[in-house]
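Chain residues, written in single-letter form:
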Amino acid sequence: MCGIAGLFSKSFATEERLGSHLSAMLSQLADRGPDSAGVAIYRDPAPSGSVKVSLFCEERDYPWNRLEGELAEVFGSVSEPKQIATHALFTVEGEGPQLQRWLADEHPELRVMSIGEHIEIYKEMGDPRQFVKDFGLESVSASHALGHTRMATESRVTTEHSHPFSTGLDLCLVHNGSLSNHNRLRLELRREGIEFQTDNDSEVAAGYLTWRLQQGDDLETALNRCLDALDGFYTFAVGTADGFAVLRDPIACKPAVMAETGDWVAMASEWRAIAELPGAEDAEQWEPEPGRVYHWAREKVA
Amino acid sequence: MSATAAAETVDLASASVRELNQRLHDAAGGGPAAWRVENPSGAHALAAGLDAELDVEIDGHAGYYCAGMNKHATVRVAGNVGVGVAENMMSGLVVVEGSASQAAGATGRGGLLVIKGSASARCGISMKGIDIVVHGSIGHAGAFMGQKGRLVVCGDAGPDLGDSIYEARLYVRGEVAGLGADCIEKEMRDEHTAELRELLELAGADADPADFRRYGSARELYTFDVDNAGSY
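Conventions used here
Residues numbered from 1 in each chain as written. Chains lettered and ligands numbered in written order. Predicted model: local features only at pLDDT ≥ 70, side-chain atom pairs only at ≥ 80, totals over all residues. Heavy atoms only, no water. Helix = DSSP H or I, 4+ residues; strand = E, 2+ residues; numbered from the N terminus. Rg over C-alpha atoms; globule rule 2.2 N^0.38 Å. Buried < 20%, exposed > 50% of the residue type's maximum accessible area, 1.4 Å probe, protein only. Contact = heavy atoms within 4.5 Å. Core = buried A, V, L, I, M, F, W, Y, C linked by side-chain atoms within 4.5 Å. Buried area = accessible area lost by both parts, 1.4 Å probe. Salt bridge = Lys/Arg side-chain N within 4 Å of Asp/Glu carboxyl O. Polar contact = N/O pair within 3.5 Å; in protein donor to acceptor, adjacent residues only side chain to side chain. Nonpolar A, V, L, I, M, F, W, Y, C, P; charged D, E, K, R; others polar. Pairing = 2+ DSSP bridges. Axes fitted to C-alpha atoms, helices over the stretch in contact; angles between N-to-C directions. Left-handed = near helix turned anticlockwise from the far one by under 90°. Patch = residues over 30% accessible without salt bridge, like charges linked within 9 Å, V, L, I, M, F, W, Y side chains within 5 Å. Areas by Shrake-Rupley, 256 points an atom, 1.4 Å probe, with all protein chains shown as cover. Lys, Arg positive; Asp, Glu negative; His and termini not counted. Charge placed at Lys NZ, Arg CZ, Asp CG, Glu CD. Domains from an automatic or database assignment. Arc of directions from axis to C-beta.

This next bit is on the overall build of chain A. Looking only at helices and strands, chain A features nine helices and 16 strands. Rg of the C-alpha trace for chain A: 18 Å, near the compact-globule value of 19 Å for 302 residues, within the 12% margin. Along the three orthogonal principal directions, the C-alpha set of chain A runs to about 55 × 45 × 35 Å. A total of 302 residues make up chain A; the buried ones form 58% of that total. Restricting to contacts in chain A with at least 6 residues of sequence separation, those with at least 24 account for 71%.

So, on to the nonpolar core. In this structure, B:Val56, B:Val85, B:Leu113 and B:Leu151 are the most contacted members of the largest nonpolar core, which totals 50 residues. Core analysis: the next-biggest nonpolar cluster, separate from the first, contains 31 residues, A:Leu29, A:Val39, A:Tyr122 and A:Leu277 among them.

Taken together, the contact between chain B and chain A spans twelve residues of the former and 15 residues of the latter. Taken together, the two surfaces of chain B and chain A that pack against each other cover about 1000 Å², and 42% of this comes from carbon and sulfur. Where chain B meets chain A, there are zero salt bridges. Applying the counting rule to chain B against chain A returns ten residue pairs in polar contact (both at pLDDT 80 or more). The residue inventory of the side of chain B that touches chain A, partitioned by class, reads one nonpolar, ten polar and one charged.

Attention shifts here to the pairing of strand β16 (residues 294–297) of chain A. Residue and element names in this part refer to chain A. Of the two faces of β16, the one lined by Tyr 294 and Trp 296 is fully buried and the one lined by His 295 and Ala 297 carries no buried residue. Sheet topology note: the strand β12 (residues 243–248)/β16 ladder contains four bridges and is antiparallel. Its bridge partner being in β16, Phe 244 is matched across the sheet by Trp 296.

Right, let's get into the pattern of salt bridges. Within this structure, the stated rule accounts for 23 salt bridges over all chains. Its salt-bridge partner being A:Glu287, residue A:Arg248 comes within 3.6 Å of it at the nearest N-O pair. Placement of the pair is A:Arg248 in strand β12 and A:Glu287 in the loop between β15 (284–286) and β16, with a sequence separation of 39 residues. Across the salt bridge formed by B:Glu191 and B:Arg189, the nearest N and O atoms sit 3.3 Å from each other. Salt bridges here are not isolated pairs; linked through shared partners, they connect A:Asp31, A:Arg32, A:Glu270 and A:Arg272.

Right, let's talk about the pairing of strand β6 (residues 111–116) of chain A for a bit. Residue and element names in this part refer to chain A. Taken across its six residues, β6 has five buried, putting it largely inside the fold. Where strand β3 (residues 50–56) and β6 come together, five bridges link them in antiparallel fashion. Considered in β6, the bridge of Val 53 is made with Ile 115.

Let's shift gears to the packing of helix α6 (residues 182–191) of chain A against helix α7 (residues 201–214) of chain A. All names here are of chain A. Running from amino to carboxyl end, α6 crosses α7 at an angle of 40°, the nearest separation of the two axes being 10 Å. Judged by the twist between their axes, the crossing of α6 over α7 is left-handed. Along the contact surface, α6 presents His 182, Leu 185, Arg 186 and Leu 189, while α7 presents Asp 201, Val 204, Gly 207, Tyr 208 and Trp 211. Looking at side-chain class alone, the contact of α6 with α7 contains five nonpolar, two polar and two charged residues.

With that out of the way, let us pick up a negative patch on the surface. Residues A:Glu58, A:Glu59, A:Asp61 and A:Glu109 make up a contiguous surface patch of negative charge. Position of A:Glu59 relative to the elements: it lies in the loop between β3 and α3 (64–75).

Residues and elements named next belong to chain A. Assigned domains within chain A: domain 1 (3–44 + 128–297) and domain 2 (46–117). The gap between the C-alpha centroids of domain 1 and domain 2 is 24 Å. Counting from both sides, the interface comprises eleven residues of domain 1 and, opposite them, 18 residues of domain 2. In total, about 1200 Å² of surface goes out of reach between domain 1 and domain 2, with carbon and sulfur atoms giving 51% of it. Of all residues in domain 1, the largest losses of buried area upon contact with domain 2 belong to Phe 135, Glu 160 and Leu 169, amounting jointly to 39% of the total for that side.

On to the sheet that holds β3(A), then. Residue and element names in this part refer to chain A. Read from one edge of the open sheet, four strands run β4-β5-β3-β6, paired in antiparallel fashion. Only two strands of the sheet have a single partner each, and these edge strands are β4 (82–84) and β6. Here the strands of the sheet are splayed against their neighbours by 25° on average, with no regard to which way each runs. Each of β3, β4 and β5 (87–93) is contacted by α3, which is oriented at about 15° to β5, the strand it contacts most.

Time to look at helix α1 (residues 17–27) of chain B. An α-helical turn contains 3.6 residues, so a residue and the one three or four places further along point in the same direction. All names here are of chain B. Those residues of α1 lying buried are Leu 20, Asn 21, Leu 24 and Ala 27. Here the buried residues of α1 occupy an arc of 120° about the axis, which is enough to place them on one side. Exposed and facing more than 90 degrees away from the buried side of α1 are Arg 18 and Asp 26. Buried residues along α1 sit in contact with β1 (8–11), β2 (34–38) and β3 (55–59).

Okay, here's the thing in structure tokens:
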């Protein structure tokens, strides 16, 4: 099954309480995905010339402060680690791709969840309602965010197999459905230099988007190409630095509902998640059409 | 007949769906006939499995399988509904003031489902005797494998209308994006105009039967060939 939630704020009031709203949405979707949960939060842009990196390590007592020292030596300015449950967030002076390469070479024990100016990905196994508490999601302010609750069907339940999957700087993907051509596509993408952390089908969709965007496609073009490249069932939500996009497979196997008010735009697998939002009863509400890309973005943040 | 101020009220902000449905089922044995459900907030399976002449008003948006398996009861939803509204309905009336998600009226055997907004994909899939009137439009694969009953669409129909249809009768006023396998346009005879007029009236749809086209089975698929009868 799996559940998806996306929320985009159009007002300061919504932005201030976005984490609390998203928590309520994810809790409603807990029944659709009790195995794990994750969020991509877009907030607090890194200073110019720096990026934020969200890291995960299985080791409970990982010496994040030692990593801070190493990062400072190699990259110059680095923030103190902000530890959130099993994850840690750093703001590092430098370029995202270099940082990612260095982390892969020097610290294979770490998993890079996200890198970008705005994005922070957190995800973990277990009940979504517990996740919301453990990661302090309720007190978060953000411009927009995506969330996912996972009911695993085709690969293991681990933190790495959880959604969202990073698809490049400030980009991520959440997926409800299953893909049937992911093994072959993964091989093809590996030949193109795309790296994968798991055998998960959704990660291949994320990898495909990463590759297309690297090839110069804009998000809408890349998503439209998914309709031909991916065989299977899907509702995707894609987070970007300034908004999010939604795509359903051409026969709309997986549910999705969207709604908009003067304060927010939301998408979710089921209406009961959106019903948690203020003013939901009077929102304009619709079901996204199969095979059509929907995209919201604010004025590009400077 | 509609629920009045005297209706028995269940507020789902405090009561559970199970509690609501249990009370409705108990009422079949001689309880209140008029019910009002407040704060539905997209909850699933509201007023499912009713088997008595109750009148239930749902004051907001409902989730999946609302009024599923309905028999005898009248259920009105003052909002939108999720997947599978009135699925496998046996008899009675279900009215949705807003729009419906996928598989509205799926496998329904009887009764009338009225959707005053639009319905999305697979509306009336495998219908087996239910009547469905949609004031707006429907998505793709409407009446897929429809066996019996009538589907009336006052707006447009998406691709693959009536794919692999058996004996269900389809009436569409607007554009049909495409017909599914073995579905063809058919002549609109007087008997069809008459039954369409009746359905439109029952559904409160302000439309002229003369503006509709009729679609149904060409009866040319494998299943219809008598030489293949032994395969079943």
